[in-house]
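Residue-level structural notes
Letter by letter, the chains look like this.
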Amino acid sequence: MWGCVPPHTSPLTPHAVIEELSLRKEIRIGTRASALALWQAEWVKSELEKKYPGMAVSLTKIKTTGDKILDVPLAKVGGKGLFVKEIEEAMLRNEIDIAVHSMKDVPTFFPDGLHLGAITKREDARDALLSRNKVKFRDLPKGAKVGTSSLRRQTQLMSVRPDFVIEQLRGNVDTRLRKLKEGQYDAIILAAAGVKRLGLAENVTEYIDAEVSIPAIGQGALGIECRVDDRELNDMIAFFNHAESRVCVTGERALLRRLEGGCQVPIACYGTIRNGKLRLDGLVGSVDGKKVVKDSLEGPQAEAERLGVELAEMLLRQGADAILREVYGKSPDFSGDRLLEN
């Protein structure tokens, strides 16, 4: 799943790569049409054009289910891959060649024939607070109205500031900023990576430390999805892979997969490389923030998958299982659904 070259192939010699690359004249990128998604896809397009001069690279905008439903909280919509399903279907129909996703939107299981060909270098993975009059997180007034569509953010904020009034916030980044400036919220929480990529960092009041709000699985990294059997394309996009980011995201996603990762439950995990080792910090909590289970684990980078699963087991033993049972009405069935954030 994570390899940049399908397991049944062997690395090509430089001469063979040149021979194969000469056959392809175009790469079609599938993407959502939001400003942030287009920025991400345009960046991938630019990097491909620099790497392969003369190659025609085009963008195909695809509206996903998650883009169509803006008046309902994502946690109530349910389902898997709300922001990737239609794009994957287009790839399976051979209408596009690759898809560029925010890794936090990518389910832990892929349709037959598709996989992640690359995970890019991670941007700032933290959450960012944007508030009226630049009031810091700790200084927000009692009962402050905070906008977010993320249950993960909600539970962690409520565990620190139970007086907050959390209200749903959907739409693109510009829409969310407008609602803040109009006074509909005292503060809003966004992913730092998206704010920075869109050149809007001057609007950030402060970046929230991961000790206060553990980031979403994969937050800040981009994933490039493609067909498993397209050997040439897998080789072509391999240069996007960033080793440390891939290790961290692999561990995070292993935890998510083990916990089932339903969209009704706040789940978080953040991987970092420290002194050559992978450290994973994980969390499962109740929506109201009254029950929060957190723990961390450190080990060899090469064992990222095992570490993610082991940390998930630790959280389950410490009470996460009870939280999951309360939400689902049973023990997790580990179907690989995704915690949806937007």
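Residues numbered from 1 in each chain as written. Predicted model: local features only at pLDDT ≥ 70, side-chain atom pairs only at ≥ 80, totals over all residues. Heavy atoms only, no water.

Within the protein chain, the regular secondary structure consists of 11 helices and 13 strands. Looking at the protein chain as a whole, 55% of its 342 residues qualify as buried. Long-range contacts, defined as pairs at least 24 residues apart, comprise 72% of the intrachain contacts of the protein chain with a sequence gap of at least 6. Of the accessible surface of the protein chain, which amounts to about 14400 Å², a share of 51% is contributed by carbon and sulfur atoms. (Helix = DSSP H or I, 4+ residues; strand = E, 2+ residues; numbered from the N terminus. Buried < 20%, exposed > 50% of the residue type's maximum accessible area, 1.4 Å probe, protein only. Contact = heavy atoms within 4.5 Å. Areas by Shrake-Rupley, 256 points an atom, 1.4 Å probe, with all protein chains shown as cover.)

Attention now moves to the nonpolar core. Ranked by internal contacts, the top residues of the largest apolar core, which has 24 residues, are Leu255, Leu259, Ile267, Leu278, Val284, Leu311 and Leu315. Those elements that provide at least two residues to this core are helix H10 (243-259), strand S11 (267-274), strand S12 (277-285), strand S13 (292-300) and helix H11 (304-328). Top element by residues in this core is H11. It accounts for 10 residues. If we ignore the near neighbours within four places in the chain, the residues touching Leu278 are Val247, Cys248, Gly271, Thr272, Ile273, Leu297, Glu298, Gly299, Gln301, Ala304 and Leu307. Judged by nonpolar contacts, the second largest core, of 18 residues, contains Ile29, Leu48, Met55 and Leu233. (Core = buried A, V, L, I, M, F, W, Y, C linked by side-chain atoms within 4.5 Å.)

Okay, the side chain of Thr155 next. By the element assignment, Thr155 lies in helix H6 (residues 151-160). With residues near it in sequence (within four places) discarded, Thr155 still touches Pro266, Leu283, Gly285, Ser286, Val287, Gly289 and Val292.

For the coordinates displayed, the defined rule picks out 4 aromatic pairs. Residues Tyr52 and Phe239 carry aromatic rings whose centres are separated by 6.2 Å and whose planes lie at 75° to one another, so their mutual orientation is edge-to-face. Taken together, the residues span a long stretch of sequence, with Tyr52 in the loop between helix H2 (35-51) and strand S2 (56-61) and Phe239 in the loop between helix H9 (231-237) and H10 at a distance of 187 residues. One aromatic cluster is present, formed by Trp43, Tyr52, Phe239 and Phe240 through successive ring pairs. Between the NZ or CZ atom of Lys196 and the centre of the ring of Tyr207, over which it lies, the distance is 4.8 Å. (Phe/Tyr/Trp six-rings, centres within 6.5 Å; stacked < 30°, edge-to-face > 60°. Lys NZ or Arg CZ within 6 Å of the ring centre and 35° of its normal.)

Pairing is mixed across the open sheet formed by 5 strands, whose spatial order is S2-S1-S3-S10-S4. Either end of the sheet is taken by a strand with one partner, and the two such strands are S2 and strand S4 (114-119). Averaged over all pairs of adjacent strands, the angle between strand axes in this sheet comes to 30°, irrespective of strand direction. Where strand S3 (residues 98-102) and strand S10 (residues 222-227) come together, 5 bridges link them in antiparallel fashion. Looking at the pairing, Ile98 lines up with Cys226 of S10. (Pairing = 2+ DSSP bridges. Axes fitted to C-alpha atoms, helices over the stretch in contact; angles between N-to-C directions.)

If you check which residues of helix H5 (residues 85-92) are buried, you get Glu86, Ile87, Glu88, Ala90 and Met91. Directly beyond the C-terminal end of H5, a positive phi value near 65° is found at Asn94.

Bringing the environment of Lys63 into the picture now. Structurally, Lys63 can be placed in the loop between S2 and helix H3 (65-68). Residues Lys63 and Ala33, spaced 30 residues apart in sequence, show a C-alpha to C-alpha distance of 6.7 Å.

Now for the packing of H10 against H11. Axis separation between H10 and H11 bottoms out at 8 Å; the angle between their running directions is 35°. Crossing hand, H10 versus H11: right-handed. Two secondary-structure elements touch here, H10 through Val247, Thr250, Gly251, Ala254, Leu255, Arg257, Arg258 and Leu259 and H11 through Ala304, Glu305, Gly308, Val309, Leu311, Ala312, Glu313, Leu315, Leu316 and Leu324. Taken together, the residues that form the contact of H10 with H11 break down as 11 nonpolar, 3 polar and 4 charged. (Left-handed = near helix turned anticlockwise from the far one by under 90°. Nonpolar A, V, L, I, M, F, W, Y, C, P; charged D, E, K, R; others polar.)

With that settled, consider unusual backbone geometry. A negative phi holds for most residues other than glycine; trans holds for most peptide bonds. One non-glycine residue, Asn133, lies in positive phi territory at about 60°. Positionally, Asn133 belongs in the loop between strand S5 (127-131) and strand S6 (145-147).

Our focus in this paragraph is the pattern of salt bridges. For the structure on display, the rule yields 24 salt bridges. Among the salt bridges present, the one from Glu326 reaches Lys291, with a minimum N-O distance of 2.9 Å. Highlighted residues: Glu326 in helix H11 and Lys291 in the loop between S12 and S13, separated in sequence by 35 residues. Judged by its relative accessible area of 42%, Lys291 is partly exposed. (Salt bridge = Lys/Arg side-chain N within 4 Å of Asp/Glu carboxyl O.)

With that settled, consider the confidence of the model for the protein chain. Residues at a pLDDT of 70 or more form 83% of the protein chain, whose mean pLDDT is 87. Segment residues 331-340 is flagged for pLDDT under 50; beyond a separation of four residues in sequence, or across chains, it makes 46 contacts in the model. (pLDDT = per-residue confidence, 0-100.)

This brings us to the pairing of S10. Regular strands have side chains that alternate between both faces of the sheet. Within S10, 6 of the 6 residues are buried, leaving the element largely enclosed by the surrounding structure. Where S4 meets S10, 5 bridges bridge the pair, whose relative direction is antiparallel. Counterpart to His115 in the pairing with S10 is Cys226.

As summarised here, the arrangement of the 3 strands in space is S11-S12-S13, forming an open sheet in which the pairing is antiparallel. The open sheet has two free edges, formed respectively by S11 and S13, since each of these has just one partner strand. Averaged over all adjacent pairs, the angle separating strand axes in this sheet is 15°, with direction ignored. Two elements, S11 and S12, share 8 bridges in a ladder whose sense is antiparallel. Bridge pairing links Ile267 to Val284 in S12.

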